[in-house]
Amino acid sequence: MTPDWLDIGRLDEIPVRGARTVPVAGGEEIAVFRTGDDRVFALVNRCPHKKGPLSQGIVHGHSVTCPLHNWNIALATGEAQGEDRGCTPTVPVRIVSGRVLIGRAAALAAA
Ligand code: FES
């Protein structure tokens, strides 16, 4: 049986206030973000505006600024902030023994 959680590597391999991307077989690329306070969030790597690669944005607090047109996206919900409207699908993420796991089913459903 396929495990429900995908192990994508160690937390300390993700730069603080940065992200790494994870291809999901049969799904869409996922961006996994690490914040300054060591929280981890996973979203589809696609801005709700015009599909900018959120993984290349700047992380501040628990948000990321899209590199294309500077929309701010809340990492916990995927919602655009302020006047902007749109939502990027989020993926469950957990840390177990310093390793980052993402929900396989949600990663596929988000695609
Ligand atoms: S594509 Fe992200 S702000 Fe336009």
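Residues numbered from 1 in each chain as written. Predicted model: local features only at pLDDT ≥ 70, side-chain atom pairs only at ≥ 80, totals over all residues.

1. Comments concerning the overall build of the chain
And then number 1: Scanning the chain from terminus to terminus reveals 1 helix and 10 strands.
And then number 2: Sequence-ordered secondary structure for the chain, helices as α and strands as β, is β-β-β-β-β-β-β-β-β-β-α.
And then number 3: Its C-alpha atoms give the chain a radius of gyration of 13 Å, near enough to 13 Å, the size a compact globule of 111 residues would have.
And then number 4: Dimensions along the principal axes, computed over C-alpha positions, put the chain at roughly 45 × 30 × 20 Å.
And then number 5: Considering only contacts in the chain between residues 6 or more positions apart, those separated by 24 or more positions represent 45%. (Helix = DSSP H or I, 4+ residues; strand = E, 2+ residues; numbered from the N terminus. Rg over C-alpha atoms; globule rule 2.2 N^0.38 Å. Contact = placed C-beta atoms within 7 Å.)

2. Digging into the pairing of strand β3 (residues 30-34)
And then number 1: Of all 5 residues in β3, 5 are buried, a share of seventy percent or more.
And then number 2: Of the two faces of β3, both are covered, the one formed by Ile30, Val32 and Arg34 as well as the one formed by Ala31 and Phe33.
And then number 3: With 5 bridges joining them, strand β2 (residues 18-22) and β3 adopt antiparallel strand pairing. Within β3, the residue paired with Ala19 across the bridge is Phe33.
And then number 4: Bridge analysis of β3 against strand β4 (residues 40-44) gives 5 bridges, and the strand direction is antiparallel. Looking across to β4, one finds that Val32 is bridged to Ala42.
And then number 5: In this antiparallel pair of consecutive strands, β3 and β4, the connection spans 5 residues, and Asp38 shows a positive phi of 65°. (Buried ≥ 20, exposed ≤ 12 C-beta atoms within 10 Å, placed from the backbone. Pairing = 2+ DSSP bridges.)

3. Focus: the UniProt feature "domain: Rieske" (unreviewed entry) in the chain
And then number 1: As annotated in UniProt, the feature "domain: Rieske" (unreviewed entry) corresponds to residues 5-102 in the numbering used here.
And then number 2: Its end C-alpha atoms 5 Å apart, residues 5-102 is made of 0% helix and 41% strand. (UniProt positions renumbered as here; feature names shortened; annotations may be inferred.)

4. Side note on the nonpolar core
And then number 1: Core analysis: the biggest nonpolar cluster contains 27 residues, and Ile30, Val32, Phe33, Ala42, Leu43, Val91 and Ile102 have the highest contact counts within it.
And then number 2: Contributing elements (two or more residues each) for this core: β1 (5-10), β2, β3, β4, β10 (99-103) and α1 (104-109).
And then number 3: Apart from residues no more than four positions distant in its own chain, Leu43 is found in contact with Ala31, Leu54, Leu75, Gly78, Thr88, Pro89, Thr90 and Val91. (Core = buried A, V, L, I, M, F, W, Y, C linked by C-beta atoms within 7 Å.)

5. What to know about the sheet that holds strand β5 (residues 58-60)
And then number 1: Within the open sheet, the 3 strands sit side by side as β5-β6-β7. Their pairing is antiparallel. Each edge of the sheet is formed by a strand with only one pairing partner; in this case those strands are β5 and β7 (72-74). The sheet shows a mean angle of 30° between the axes of neighbouring strands, taken without regard to direction.
And then number 2: The pairing of β5 with strand β6 (residues 63-65) spans 3 bridges and is classified as antiparallel. Each residue of the ladder has a partner; that of Val59, found in β6, is Val64. (Axes fitted to C-alpha atoms, helices over the stretch in contact; angles between N-to-C directions.)

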